[in-house]
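Chain and residue survey
Listed below are the residues making up each chain.
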Amino acid sequence: MPQPPIRIAIAGALGRMGRQMADAVQGDARLALAARFHRPGIVGEGLVSRDEALSMAEIVIDFTTPAASADLARVCAERGGPALVIGSTGFDAAELAVIADAAKTIAIVRSGSFSLGLNMLVGLVEQAARALDPDDWDVEIVEAHHRHKVDAPSGTALMLGHAAAGGRCIDLKTVARRARDGAIGARPPGEIGFAVLRGGSIVGEHSVSFCTEGELVTLSHAAGDRIMFARGAIAAALWVAGRQPGEYDMRDVLGFGAP
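Described below are features of the structure shown in this document.

Criteria and cut-off values
Residues numbered from 1 in each chain as written. Predicted model: local features only at pLDDT ≥ 70, side-chain atom pairs only at ≥ 80, totals over all residues. Heavy atoms only, no water. Pairing = 2+ DSSP bridges. Helix = DSSP H or I, 4+ residues; strand = E, 2+ residues; numbered from the N terminus. Axes fitted to C-alpha atoms, helices over the stretch in contact; angles between N-to-C directions. Contact = heavy atoms within 4.5 Å. Polar contact = N/O pair within 3.5 Å; in protein donor to acceptor, adjacent residues only side chain to side chain. 1 Å grid on protein atoms, 1.4 Å probe; cavity = no way out; pocket = protein on both sides within 12 Å on 5 of 7 lines; lining within 4 Å. Points joined across faces, edges and corners; volume = space filled by probe spheres on them. Nonpolar A, V, L, I, M, F, W, Y, C, P; charged D, E, K, R; others polar. Salt bridge = Lys/Arg side-chain N within 4 Å of Asp/Glu carboxyl O. Buried < 20%, exposed > 50% of the residue type's maximum accessible area, 1.4 Å probe, protein only. Core = buried A, V, L, I, M, F, W, Y, C linked by side-chain atoms within 4.5 Å.

**Structural notes on the sheet that holds strand E11 (residues 246-248)**
- Within the open sheet, the six strands sit side by side as E2-E1-E3-E4-E5-E11. Their pairing is parallel. Looking at strand neighbours, the two that pair on one side only are strand E2 (31-36) and E11, the edges of this open sheet. Taken pair by pair, the neighbouring strands of this sheet meet at an average axis angle of 25 degrees, ignoring direction.
- With four bridges joining them, strand E3 (residues 59-62) and strand E4 (residues 83-86) adopt parallel strand pairing. Bridging across to E4, Asp62 finds its partner in Ile86.
- Where helix H3 (residues 66-79) meets the sheet, it contacts strand E1 (6-11), E3, E4 and strand E5 (107-110), and its direction lies at approximately 170 degrees from that of E4.

As C-alpha cells, this is what we get:
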C-alpha cells in the first residue's frame, strides 16, 4: 500500500522562504501541509500557534532566525518531536549548543544551504584546498545576497570556508579574515579571506578563488530562484523522516555522510 504523506509544518510562514516552502510542499504528493505558523501573536492567513503546529506535524521546516530556530529545536526536543529541517543561518555558539543538545532527542537536518549544486561546490572546494599548497595558493571567498539579508558572511560562505579549511586540516577560526580595512600589511600565507556584497534582489552568489603567482582558479555557484532551496529542503524532509536522533546536514542527505 502507498505510504501516507509526511505531515509538514512551516515555521516563519509569512516570510519569503516560508511562502515558497508552503507552495513547494503543497505541490509534492509525498508531503502534506499540516500547519503554518509565524511569530507569537501573528494570526490570520490560516496560521495556527506554534504548539498547535507541532502537535500536527511529523517534521517542521524552519527558515527563520537563529534565535527562533534554536528555541524551536529546544521545544521540539522537550516534546519528543517533531523532527526539524533548519535553513536559518548566522548562529552563535550558544544557539548551536542548544541545537546540538536538542539533536540528542530528535533528528535535525541543519544546513547553510539546501542547494544540491552548492553542496557539490562545497565538495569541490575541499578537494582543491587539499591538493593546492596553502603556502603558495591563497583562498578568497566572495558572496553576494539581497539587501534584506541580515547575517554576514552568509552561512553558505562559511560552509565554503570550513570546506577549504577542512581540506587543509586546519580550524577555520585560526585562518579566517572576515574584513580588511586600512594599512593591514601583506596577506599572510594560509589565510582564508571573505568578502561580502549586499544589494537589490540577489538570491545568492558564491565564488571561491584559489590564487597563486600567475594563476587563478575560481569555483562558483549562482542561485537564480529560491525554489532550489525549497527543493533541497523537501529532499531533507523526506530523508529525515523516521531517522534516529542526531544533527545531520545536506552531505548526509546526499549520501556523503551518515548511512
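**So, the environment of Ser113**
- Tracing the chain through its elements places Ser113 in the loop between E5 and helix H5 (116-131).
- Sequence separation between Ser113 and Gly232 is 119 residues, and the spatial gap between their C-alpha atoms is 8.4 Å.
- In this view, Ser113 contacts Leu118, Asn119, Thr156, Met159, Phe229 and Met250; residues no more than four positions away in its chain are not counted.
- Here Ser115 takes part through its backbone nitrogen, which lies 3.2 Å from a polar atom of the side chain of Ser113.

**Observations regarding the sheet that holds strand E8 (residues 192-198)**
- Taken in spatial order, the five strands make up an open sheet running E7-E8-E6-E9-E10, and their pairing is mixed. Each edge of the sheet is formed by a strand with only one pairing partner; in this case those strands are strand E7 (176-177) and strand E10 (215-223).
- As defined by bridge partners, strand E6 (residues 138-145) adjoins E8 across seven bridges and the pair is classed as parallel. Within E8, the position partnered with Val142 by the bridge is Ala195.
- Strand contacts of H5: strand E9 (204-212) and E10, with the helix running at about 165 degrees to E10, the strand carrying the most contacts.
- Along the sheet, helix H6 (residues 155-167) contacts E6, E8 and E9; its crossing angle with E8, the most-contacted strand, is approximately 165 degrees.

**Focus on the layout of surface pockets**
- Its volume calculated, the largest pocket comes out at about 1200 Å³.
- Of the residues belonging to the lining of the largest pocket, the class tally is 19 nonpolar, 23 polar and seven charged.
- Reported here for the second largest pocket is a volume of approximately 830 Å³.
- What lines the second largest pocket is a set of 29 residues, among which Leu96, Arg110, Leu158, Met159 and His162 lie closest to the centre.
- Elements that contribute at least two residues to the lining of the second largest pocket include exactly helix H4 (93-102), H5, H6, helix H7 (172-175), E11 and helix H9 (250-253).

**Details of the pattern of salt bridges**
- Counted by the stated rule, this structure contains 17 salt bridges.
- For Arg7, the salt bridge goes to Glu58, with nearest N and O atoms at 3.4 Å. Separated by 51 residues along the polypeptide, Arg7 in strand E1 and Glu58 in the loop between helix H2 (50-56) and E3 bring together distant segments of the chain.
- Relative accessible area serves as the criterion here: at 34%, Glu58 is assigned to the partly exposed category.
- Salt-bridge contacts for Arg251 lead to Glu126; the nearest nitrogen and oxygen are separated by 3.2 Å. Of this pair, Arg251 sits in helix H9 while Glu126 sits in helix H5, and the two are 125 residues apart along the sequence.
- We classify Glu126 as buried; its relative accessible area is 16%.
- One network of salt bridges, in which partners are shared, links Asp138, Glu140, Arg177, Arg180, Arg187 and Glu191.

**Some words on the nonpolar core**
- Residues Ile8, Met21, Ile61 and Val85 are the most contacted members of the largest nonpolar core, which totals 30 residues.
- If you list the elements that add at least two residues to this core, you get E1, helix H1 (16-26), E3, E4, E5, helix H8 (227-240) and H9.
- Sorting elements by how many residues they give to this core places H8 first, with nine residues.
- In contact with Ile8, other than residues within four places in its own chain, are Val25, Leu31, Ala32, Leu33, Ala34, Ala35, Ala57, Ile59, Ile61 and Ala237.

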